[in-house]
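Geometric and topological summary
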Amino acid sequence: MSDPTQSAIVKTLLEVHGRTYCAELGIDIEKNTPSPLFRWLCAAILFSARIGAAQAAKAAKALANNGLTTPKKMANATWEHRVRILNQNGYARYDESTSRMLGDTSNMLIETYGGDLRKLRDKAERDPKAMRNALKQFKGLGDVGVDIFFREVQSPWPELYPFADKKSLAAAKELNLGSDAETLAKHVSKADYPRLLTALVRTSLGKDFETIRERISQ
């Protein structure tokens, strides 16, 4: 059970930064259907590069707005078309390599899992370690990218719950909310847990810790 100060911090975090990246990108991850899962996988690849989160989100939105919402559509788009979308939407530094990664990932997803990440999950027998190893076979997706993917997909894939990545845990420790996923999960409902993780990540990226502390002291 949270103490009053921890409860106030958690409430403030959710109020200020509690919008998940899936919500921001218009990805209904709760549906657990191929297109939202694929879009979130692509977003995880974009977010894991050494580029600002806002730029990565803009690029992810642009890919969807241009209709590249399934592995088949992404694979059928030309490399040049993907490069142009990325280049025009804040991803200029990594546009060519990322375009290649998205194409390769889409083709591999089609060839290995019929374009459906749920088949990867089932083939891994819903074991988190096996799923991580399988996901890391996709081009451009290392441990950081898998952490990003797991952070929000744990909602429809409950075998991952409670999961927390290093960045969210470091922020939680900074705010005295605990240093492991199990402790952190006790502060909120299961439904709100991905929101709390995202709020912690956004607070860390925005170097917003003092703002959170000041708000609860008012």
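Below is a summary of the structure that appears in this document. It should be emphasised that the depicted structure is a prediction, and the values quoted were computed from it without experimental measurement. (Residues numbered from 1 in each chain as written. Predicted model: local features only at pLDDT ≥ 70, side-chain atom pairs only at ≥ 80, totals over all residues. Heavy atoms only, no water.)

**A short note on the packing of helix H9 (residues 128–135) against helix H10 (residues 143–153)**
It is the contact of H9 with H10, at a shortest axis distance of 10 Å, that shows an interaxial angle of 125°. Considered as vectors, H9 and H10 are oriented oblique to each other. Here the hand of the crossing between H9 and H10 comes out right-handed. Of the residues in H10, those touching H9 at Pro128, Met131, Arg132 and Leu135 are Asp143, Val146, Asp147, Phe149 and Phe150. A per-class count over the contact of H9 with H10 returns six nonpolar, no polar and three charged. (Axes fitted to C-alpha atoms, helices over the stretch in contact; angles between N-to-C directions. Helix = DSSP H or I, 4+ residues; strand = E, 2+ residues; numbered from the N terminus. Parallel < 35°, antiparallel > 145°, perpendicular 65-115°, else oblique. Left-handed = near helix turned anticlockwise from the far one by under 90°. Contact = heavy atoms within 4.5 Å. Nonpolar A, V, L, I, M, F, W, Y, C, P; charged D, E, K, R; others polar.)

**Description of the environment of Asp28**
Mapped onto the elements, Asp28 comes out in the loop between helix H2 (21–25) and helix H3 (34–47). For the pair Asp28 and Ala134, spaced 106 residues apart in sequence, the C-alpha to C-alpha distance is 23 Å.

**Points about the side chain of Thr105**
Tracing the backbone through its elements, the reader meets Thr105 in helix H7 (residues 95–113). Under the relative-accessibility criterion, Thr105 is labelled buried at 1%. Among residues more than four places away in sequence, those in contact with Thr105 are Leu41, Ile45, Phe138 and Lys139. (Buried < 20%, exposed > 50% of the residue type's maximum accessible area, 1.4 Å probe, protein only.)

**Side note on the environment of Lys186**
Take Lys186: it is sitting in the loop between helix H12 (181–185) and helix H13 (193–205). A sequence separation of 30 residues divides Lys186 from Pro156, and the C-alpha atoms of the two residues are 19 Å apart.

**Digging into the packing of aromatic side chains**
The full count for this structure, using the stated rule, is seven aromatic pairs. Between the aromatic rings of Phe150 and Phe163, the centroid separation amounts to 5.5 Å while the plane-to-plane angle is 90°, which identifies the pairing as edge-to-face. In this pair, Phe150 sits in helix H10 while Phe163 sits in the loop between H10 and helix H11 (166–174), placing the two residues 13 residues apart along the sequence. One exposure class covers both Phe150 and Phe163, and it is buried. Among the aromatic residues, those joined into a cluster by ring pairs are Tyr21, Trp40 and Phe47. Sitting above the plane of the Tyr21 ring, Arg202 keeps its charged end 4.1 Å from the centroid. (Phe/Tyr/Trp six-rings, centres within 6.5 Å; stacked < 30°, edge-to-face > 60°. Lys NZ or Arg CZ within 6 Å of the ring centre and 35° of its normal.)

**Observations regarding the environment of Asp208**
Examined against the element boundaries, Asp208 turns out to sit in the loop between H13 and helix H14 (209–217). Dropping the residues within four chain positions of it, Asp208 is found in contact with Val16, His17 and Thr203.

**Quick notes on the pattern of salt bridges**
Enumeration over the complete set of coordinates arrives at 13 salt bridges. Two residues, Asp122 and Arg126, come together in a salt bridge whose shortest N-O distance is 3.4 Å. The exposure class of Asp122 is partly exposed, given its relative accessible area of 44%. Across the pair Arg132 and Asp147 runs a salt bridge whose closest N-O atoms are separated by 2.6 Å. Placement of Arg132 in helix H9 and of Asp147 in helix H10 is noted, with a sequence separation of 15 residues between them. Among the residues examined, Asp147 registers a relative accessible area of 14% and is labelled buried. (Salt bridge = Lys/Arg side-chain N within 4 Å of Asp/Glu carboxyl O.)

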